[in-house]
Amino acid sequence: MKRIVILLTFCHFMTASDQHFTLNIGIVPSKDNSIDNVTSYYPLTVPYTVLPLKVKTYRSQYDKMTKLMELLIKNDIHIVIGPFDDSIAVVTEKLEIPYLALTSDQHGRRLRSTFQLLPTLSDFSSAMLDLISYYEWDKVSLFYDDDRGVDMLEKLLSNHDLMVKSWRVDSVGTDEQIRDHLVHMRIAFVQTSIIFCNRNNTYQILEQARSLAMMSIPYEWFFYDPGDQLVHIFKGFEDITFNYTVFSLMEFNSHVYGVKHPEEKLNVALTTDALYIINQTVPRLDNNTVQGIRKDMINILKQDTFEGMTGHIAFDNNGQRFNFTILLTEVSVYKNRLKEVFNRYGSIQHRSLFGDNEEVNVYTTEDTTMPEYRKKDLMFETLKIGRWVSYQDGMFIPRLQMTENIERGNKTTQFPLRGRKARIVMIEEKPFTMHKKDHEKYSGNERFEGYSVDLITEIANMLHFEFEIYLVHDGKFGTKEKNGEWNGMLGELLKGNATMSVAPLSINSLREEAVDFTKPFMTRYISVLMKVPMSERSYFEFLNPLHPLVWFCTFGAFVVVSLVLYMFEKVGASHSKDLPGISFKESFWFVFGSLLQGSTEASPSTLPGRILTSAWWFFALILISSYTANLAAFLTVKKINTPIKSVTDLASQTTIRYGTVIDSGIMQFFKNTDIEHFAKMWAQMSEIDPQESMVANTSVGFNKVKKGNYAFFWDTAVNKYMTIKDCEFMEIGPHFDPKGFGIGVPPGATYREELSMAILKLGDASILHQLENKWWPRRTCPDVTKPSAEETSELQIENVAGVFFILSGGIVCAAIACVFEYFSKRCKNREREVQKRKENNSTPNHVNHKERESFL
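Here the structure is a predicted model, which is why all the values come from computation and not from measurement.

Engineer: Please clarify how the overall build of the protein should be interpreted in this entry.
Structural biologist: The helix and strand inventory of the protein stands at 28 helices and 28 strands. For the protein, restricting intrachain contacts to residue pairs at least 6 apart in sequence, the fraction spanning at least 24 positions comes to 70%. Total accessible area on the protein is roughly 43900 Å²; 53% of this is exposed by carbon and sulfur atoms.

Engineer: I keep staring at the sheet that holds strand β1 (residues 23-27) and nothing clicks. Help me out?
Structural biologist: Within a sheet, neighbouring strands are paired by backbone hydrogen bonds and run either parallel or antiparallel to one another. The 5 strands lie next to each other as β2-β1-β3-β4-β5, forming an open sheet whose pairing is parallel. Among the strands making up the open sheet, the edge pair consists of β2 (48-52) and β5 (114-116). Averaged over all neighbouring strand pairs, the angle between strand axes comes to 25 degrees, with direction disregarded. With 3 bridges joining them, β1 and strand β3 (residues 79-82) adopt parallel strand pairing. Bridging from a neighbouring strand, I25 pairs with I79 of β3. Of the strands in this sheet, β1, β3 and β4 (99-101) are in contact with helix α9 (residues 265-281), which crosses β3 at around 160 degrees.

Engineer: Sorry, what's going on with the packing of helix α19 (residues 665-672) against helix α20 (residues 676-688) here?
Structural biologist: For any two helices packed against each other, the geometry comes down to the angle between their axes and how far apart the axes lie. Two elements in contact, α19 and α20, have axes whose closest approach is 8 Å; the angle formed by their N-to-C orientations is 115 degrees. By the angle between their directions, the pair α19 and α20 is classed as roughly perpendicular. As α19 packs across α20, the resulting crossing turns out to be left-handed. Contact with α19, carried on its side by M667, F669, F670 and K671, involves F678, M681, W682 and M685 of α20 and no other residues of that element. In the contact of α19 with α20, the residues fall into 7 nonpolar, no polar and 1 charged.

Engineer: What should I look at first to understand a nonpolar patch on the surface in this one?
Structural biologist: Nonpolar side chains collect at one region of the surface, where W589, F592 and L596 lie side by side and expose about 350 Å² of accessible area between them. In this fold, F592 is placed in helix α16 (residues 584-595).

Engineer: Please explain the packing of helix α12 (residues 451-463) against helix α25 (residues 767-775) as it appears in this structure.
Structural biologist: Following both chains from N to C, one finds α12 and α25 inclined at 155 degrees, their axes separated by 10 Å at the closest point. Taken together, α12 and α25 sit at an angle that is classed as roughly antiparallel. The way α12 lies across α25 gives a crossing that is right-handed. Counted together, Y451, D454, L455 and E458 of α12 and I767, L768, L771, E772, K774 and W775 of α25 form the full contact between these two elements. Each residue belonging to the contact of α12 with α25 can be placed in one class, and the counts come to 6 nonpolar, no polar and 4 charged.

Engineer: I keep staring at the nonpolar core and nothing clicks. Help me out?
Structural biologist: Within soluble globular proteins, side chains that are nonpolar generally end up buried alongside one another. Counting residues in hydrophobic clusters, the biggest one holds 90 residues, and the most contacted among them are Y451, I459, F465, M500, F670, M681 and F713. In terms of residue count, α12 provides more of this core than any other element does, 7 residues in total. Counting residues in hydrophobic clusters, the runner-up holds 63 residues, among them L131, L162, A269 and I277.

Engineer: I'm lost on helix α3 (residues 86-95) in this one. Help?
Structural biologist: The periodicity of an α-helix, 3.6 residues per turn, causes residues three or four positions apart to be oriented the same way. Of all 10 residues in α3, 7 are buried; the element is thus mostly enclosed. Along α3, the residues classified as buried are S87, I88, A89, V91, T92, E93 and L95. Those residues of α3 that are buried lie in contact with α2 (61-74), β3, β4, β5 and α10 (290-303). The backbone nitrogen of S87 has a side-chain oxygen 3.0 Å away, supplied by the residue at the start of α3, namely D85. Once α3 ends, the next one or two residues include E96, with phi positive near 55 degrees.

Cut-offs applied
Residues numbered from 1 in each chain as written. Predicted model: local features only at pLDDT ≥ 70, side-chain atom pairs only at ≥ 80, totals over all residues. Heavy atoms only, no water. Helix = DSSP H or I, 4+ residues; strand = E, 2+ residues; numbered from the N terminus. Contact = heavy atoms within 4.5 Å. Areas by Shrake-Rupley, 256 points an atom, 1.4 Å probe, with all protein chains shown as cover. Pairing = 2+ DSSP bridges. Axes fitted to C-alpha atoms, helices over the stretch in contact; angles between N-to-C directions. Parallel < 35°, antiparallel > 145°, perpendicular 65-115°, else oblique. Left-handed = near helix turned anticlockwise from the far one by under 90°. Nonpolar A, V, L, I, M, F, W, Y, C, P; charged D, E, K, R; others polar. Patch = residues over 30% accessible without salt bridge, like charges linked within 9 Å, V, L, I, M, F, W, Y side chains within 5 Å. Salt bridge = Lys/Arg side-chain N within 4 Å of Asp/Glu carboxyl O. Core = buried A, V, L, I, M, F, W, Y, C linked by side-chain atoms within 4.5 Å. Buried < 20%, exposed > 50% of the residue type's maximum accessible area, 1.4 Å probe, protein only. Polar contact = N/O pair within 3.5 Å; in protein donor to acceptor, adjacent residues only side chain to side chain.

In structure tokens:
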């Protein structure tokens with residue numbers, strides 16, 4: 001009976017309270033007016049009135065607080081809800097009015113009646129710092145756009161083993177500013193970044209990071225997102241592969257009733273929690289006075305705990321929230337995968353699947369109850385990697401609690417540039433990159449052709465990305481200037497203007513310190529390009545096949561043979577009146593005609609003359625044949641006198657100038673070399689006459705070579721192409737300083753390995769060899785440096801000495817025959833004389849006397 005009376009009394013009291021008690025709520029205006037209509041978030045169970053705490057005009061801060069105090073006292077405000085405001089906090093502290101602040105006081109002051117529903121930024125900083133310590137990272141970067149980021153920076157700097165790079169972004173950051181920060185972050189090799197910016201700047205940072213290919217492993221991105229407000233930003237980056245980590249009070253991609261815009265989500269959730277706390281507090285009030293209600297509500301808020309949309313809610317004596325949980329969630333986003341989703345989860349409109357370590361939320365365009373910004377063909381896959389709990393003082397449980405044995409599945413990190421457009425910086429260098437002859441008719445990449453264009457086309461087709469080619473503005477490969485900045489293509493990479501450089505860019509230690517390179521796609525050497533010397537021309541070219549000494553010996557042989565032939569014929573005719581003799585002139589004419597294979601009326605009639613003639617004919621046959629063959633060689637092969645036979649010849653002369661492109665890799669080789677003759681060349685190029693030796697680019701160098709008296713040091717690949725296309729050029733060896741041509745990428749670029757693998761695959765498939773054959777065809781010009789051109793020389797006396805020996809032997813044989821014939825005929829004549837004397841002795845004297853007279 002007693003219990004029934006007490007229950008009826010309590011019901012009567014509650015009924016009376018419901019009829020007479022009205023809760024007066026003061027609403028602090030917000031910038032976006034997102035909490036003006038509190039009833040749309042959560043229904044209150046008691047009558048209430050709402051009073052906006054607006055002070056339109058005030059002369060000073062003290063005047064503002066005075067007017068606010070009058071407003072609160074006049075309207076008997078029991079509780080205040082809204083963003084934290086210093087003036088309102090001072091007034092509520094004075095009047096002991098509970099103030100449910102939806103934002104936190106960053107100064108961390110001790111407030112008795114102000115209760116901060118949003119944990120302080122220091123708590124989130126501690127959570128991030130604990131995670132960094134857990135992974136043992138030594139470098140991290142911080143992007144922030146307001147003064148609250150300074151507090152987070154100070155918290156991170158409390159770890160003296162951690163190097164922190166901070167980047168301040170304007171409230172409305174520009175693409176240039178954000179891109180510059182990201183480029184400097186990449187140069188510093190910082191791969192872990194914390195983003196503490198508004199939603200617009202966060203989106204800009206991610207967009208610029210994607211254009212710089214910094215959205216994949218090993219880059220890690222951490223986000224301060226207590227109210228799960230970045231979902232609509234993540235949906236635009238479908239290439240996320242577990243490298244986004246969100247620090248939030250709410251479940252990722254949670255649904256909050258009444259949210260029209262994503263930026264209202266946190267305020268709506270906190271306002272809902274505040275109204276829920278009021279509903280839980282009002283029934284427990286024991287005092288009907290305004291001051292009593294205020295004190296009771298303050299005591300209840302400090303003693304009780306609540307479970308709201310933002311998790312566990314409890315307040316300490318200073319009004320700050322504690323024992324709350326920050327969820328650490330890794331996020332992956334997939335677009336246009338409805339078919340795969342339906343096959344995996346069934347045909348659904350909205351469904352959440354929970355496993356041991358993952359939660360999958362699937363949304364489709366058929367879900368008409370969802371807000372407009374979430375009606376997308378999206379699949380969010382989240383992985384809860386842990387949580388951070390803000391325990392009360394005196395508890396020794398670790399605040400960071402990581403999930404053990406996380407099963408991430410067999411996820412493969414796709415190529416960062418897949419499906420996107422990369423900017424390729426090139427330099428105009430034949431045959432790597434050239435303008436087409438009719439390039440004015442085209443636009444974009446169609447304007448260019450060359451080995452580099454074909455190479456990047458093959459790589460892009462293999463790795464499935466698009467590209468845009470542009471030429472470096474200063475026409476330089478890249479060198480470090482006095483101020484430490486890099487120019488040329490390397491400067492474009494370091495500034496973030498280019499995704500990669502595809503050009504004949506040689507890999508050396510200095511460039512490797514600035515940027516990264518892929519595996520070489522071509523090996524290059526250094527050679528000398530010179531103009532082909534003018535060939536030696538003469539009106540007496542027909543004399544070149546024989547050495548002058550041979551000509552003199554031939555003329556001497558002609559004279560000797562003519563005289564000897566005359567003598568032999570004369571001696572032979574003197575012994576026989578039946579043999580016609582050859583005169584002196586006829587002897588010379590006969591020998592000359594025989595040499596030119598002509599015929600004459602006279603011919604030798606004696607045996608010695610014929611032997612001599614046979615030897616002469618054989619001599620003429622060999623000599624004329626050798627002359628004809630060598631003359632044909634001289635007429636078909638140009639005889640060029642090359643003053644420079646090798647690279648080292650340049651160092652030992654001063655007539656021909658030589659040089660290379662200024663600020664090029666080849667110039668760096670000459671500048672840093674310790675080889676004696678190369679060091680001597682560098683002194684000539686840099687000190688004695690640098691203006692005549694060094695050129696601004698290769699086009700100027702080629703023009704100087706064409707003018708003559710200039711040698712140009714450059715890559716063998718380019719020099720070889722120039723000798724193929726223009727026969728006025730020739731390449732002088734030997735080749736030296738082998739290096740590789742590689743694709744340059746910004747330092748720390750995550751796509752370097754994929755590019756290197758693509759180059760290796762192209763090499764294995766012989767595509768690189770095919771491209772070389774395409775742009776370096778076989779040379780059609782005569783190669784003046786070949787040995788065949790040098791071996792086509794005049795016949796020396798040693799080459800034809802044999803025929804002279806034969807001719808001399810013929811003369812000797814003819815002389816012997818002549819002597820033999822002479823003595824034989826003389827012996828015959830003596831026998832005749834003896835015979836006649838015998839006959840004369842047998843005849844009368846008068847007859848002998850007459851015969852003697854006739855004989856005399």
